[in-house]
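Fold and contact review
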Amino acid sequence: MIEYPDRIPLAQTPTPIQRLLRTEKRSGPELWVKRDDLTGIELSGNKIRKLEFLFAEAKSEGADTVITCGGEQSNHCRATALAATRLGLKSVVVLRTADPQSPPPTTGNILLDRLAGAEIVWISRADWARRAEILAREADRVRGDGGVPYVIPEGGSNAVGLWGYVGCAEELDFQLKALRPCARTTILYACGSGGTGAGLIVGAAMLGWRERGIAVCGINVCDDRDYFVTRIGEICNEAHQRFAIPAITEDDIDIIDGFVGRGYAISRPEELSTLRDLARTESLILDPVYTGKAYFGMTETLSRDPERFGDRVVFLCSGGIFGLFPQAAELAALL
Ligand SMILES: *Cc1c(COP(=O)(O)O)cnc(C)c1O
């Protein structure tokens, strides 16, 4: 059994795995999904697993306000705002948008941020480069008002948040053991800020997955492969320094690049039609920003190299359904 740092239960876990029998090809691997979109309704998605550990640390430090940041339709900010409310804390979410003077419409995750009562601070894309400074400024402001802030980095991706996906790896370990044995399995995930990948990779090392033919592979939805090999390495290293966990090397970090497409949170028609087709064959709803891109990347990779992922793929459905609604017009054109 893995020993975890303190956590506050927030996520509905374990999440089920489910086979995509109507989508599998005779010549290809078994296709499974790990339904981390089912970690909650309002808390849906991968971020809430990380937040269980981050909020435990926030509470232990006596925080009364959490501060975090992300893109305008950030799933992470929405989960943070709603979890904060559930635990009786206030939240400040710093959201990146094209023009902070005219913020985007209150839909999707923004609507939920506002329902949760989060304070929203709009910043420009240029300001995003100095987000650490802006988060520190917001923390000072909270302190100035007599509060106790706790700052969570984008995506909840740090040495503490990483434990959420160590936990998911351990769940998957039990679930895989119950399946027909196979030589080679790949756990595939959408990579956006690196914390999910870091957790799965550390979990894999703790559970001896490499020796058992289980690989972990990310498909990046922004930046590039080099960026994530470095970033995931940093998160793992920070965790290695702080907790008794195995050291991770670049060799352990497998990222497939080439599927960012037109850019973060911008969809190509082929990505959206893949999303539509999966909804129509499996009633599985992907999101346009993360899982839709990664799933498209998986199908393209498999069509070029059917052996790439071995005999079985478990695709992490990491949530994001609320990100569909702001893209409704683009999707409607394909329906
Ligand atoms: C944030 C997010 C990801 C990416 O996870 P990271 O830990 O940030 O790499 C994937 N899918 C969804 C739906 C997300 O919201």
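That block above? That's the structure.
To start, this report covers the structure provided alongside it. (Residues numbered from 1 in each chain as written. Predicted model: local features only at pLDDT ≥ 70, side-chain atom pairs only at ≥ 80, totals over all residues. Heavy atoms only, no water.)

1. Regarding the sheet that holds strand β10 (residues 312-317)
- Pairing within the open sheet is mixed, and its six strands lie in the order β1-β2-β10-β7-β8-β9. At either end of the open sheet lies a strand with only one pairing partner, and these are β1 (17-19) and β9 (254-256). For this sheet the average axis-to-axis angle between neighbouring strands, irrespective of direction, equals 30°.
- With three bridges connecting them, strand β8 (residues 214-220) and β9 associate as parallel partners. Within the sheet, the bridge partner assigned to Gly218 lies in β9 and is Ile255.
- On the sheet, helix α6 (residues 163-177) packs against β1, β2 (30-35), β7 (185-191), β8 and β10 and is oriented at approximately 140° with respect to β10.
- Along the sheet face, helix α10 (residues 291-304) touches β2, β7, β8, β9 and β10 and points at about 165° away from the line of β10. (Pairing = 2+ DSSP bridges. Helix = DSSP H or I, 4+ residues; strand = E, 2+ residues; numbered from the N terminus. Axes fitted to C-alpha atoms, helices over the stretch in contact; angles between N-to-C directions. Contact = heavy atoms within 4.5 Å.)

2. Thoughts on helix α1 (residues 47-60)
- For α1, spanning 14 residues, the distance from its first C-alpha to its last is 20 Å, which sits close to the expected 20 Å at 1.5 Å a residue.
- Of all the bends in α1, the largest measures some 25° and sits at Phe53.
- Taken across its 14 residues, α1 has twelve buried, putting it largely inside the fold.
- Listing the buried residues of α1 in full gives Lys47, Ile48, Arg49, Lys50, Leu51, Glu52, Phe53, Leu54, Phe55, Ala56, Glu57 and Ala58. (Expected span 1.5 Å × (residues − 1). Bend = angle between axes of the 7 residues up to and from the residue. Buried < 20%, exposed > 50% of the residue type's maximum accessible area, 1.4 Å probe, protein only.)

3. Focus: the nonpolar core
- Core analysis: the largest hydrophobic core is formed by 97 residues, its most contacted members being Phe55, Ile187, Tyr189, Trp209, Ile232 and Met298.
- Apart from the residues within four sequence positions on either side, Phe55 is in contact with Ile8, Leu10, Val66, Thr80, Ala83, Ala84, Leu87 and Leu89.
- Ile67, Cys69, Val92 and Ile123 belong to the second largest nonpolar core, which has eleven residues in total. (Core = buried A, V, L, I, M, F, W, Y, C linked by side-chain atoms within 4.5 Å.)

4. Examining the site of the ligand
- Every one of the 16 residues lining the ligand counts as a neighbour, but Lys47, Lys50, Ser193, Thr196 and Ser318 are closest to it.
- Within the side chain of Asn46, an N or O atom sits 3.0 Å from an oxygen atom of the ligand.
- With respect to the ligand, the side chain of Lys47 contributes an N or O atom lying 2.8 Å from an oxygen atom.
- Protein contacts shield 98% of the accessible area of the ligand, which totals 380 Å² for the unbound molecule.
- When atoms are counted within 2 Å of each cavity's grid points, the one that captures over half of the ligand is the largest pocket.
- Among the elements of the structure, α1, β7 and α7 (195-207) are those that each provide at least two residues to the shell around the ligand.
- Looking at the shell around the ligand residue by residue, the class counts come to three nonpolar, eleven polar and two charged. (Near = heavy atom within 4 Å. Polar contact = N/O pair within 3.5 Å; in protein donor to acceptor, adjacent residues only side chain to side chain. Areas by Shrake-Rupley, 256 points an atom, 1.4 Å probe, with all protein chains shown as cover. 1 Å grid on protein atoms, 1.4 Å probe; cavity = no way out; pocket = protein on both sides within 12 Å on 5 of 7 lines; lining within 4 Å. Sits in = over half its atoms within 2 Å of the grid points. Nonpolar A, V, L, I, M, F, W, Y, C, P; charged D, E, K, R; others polar.)

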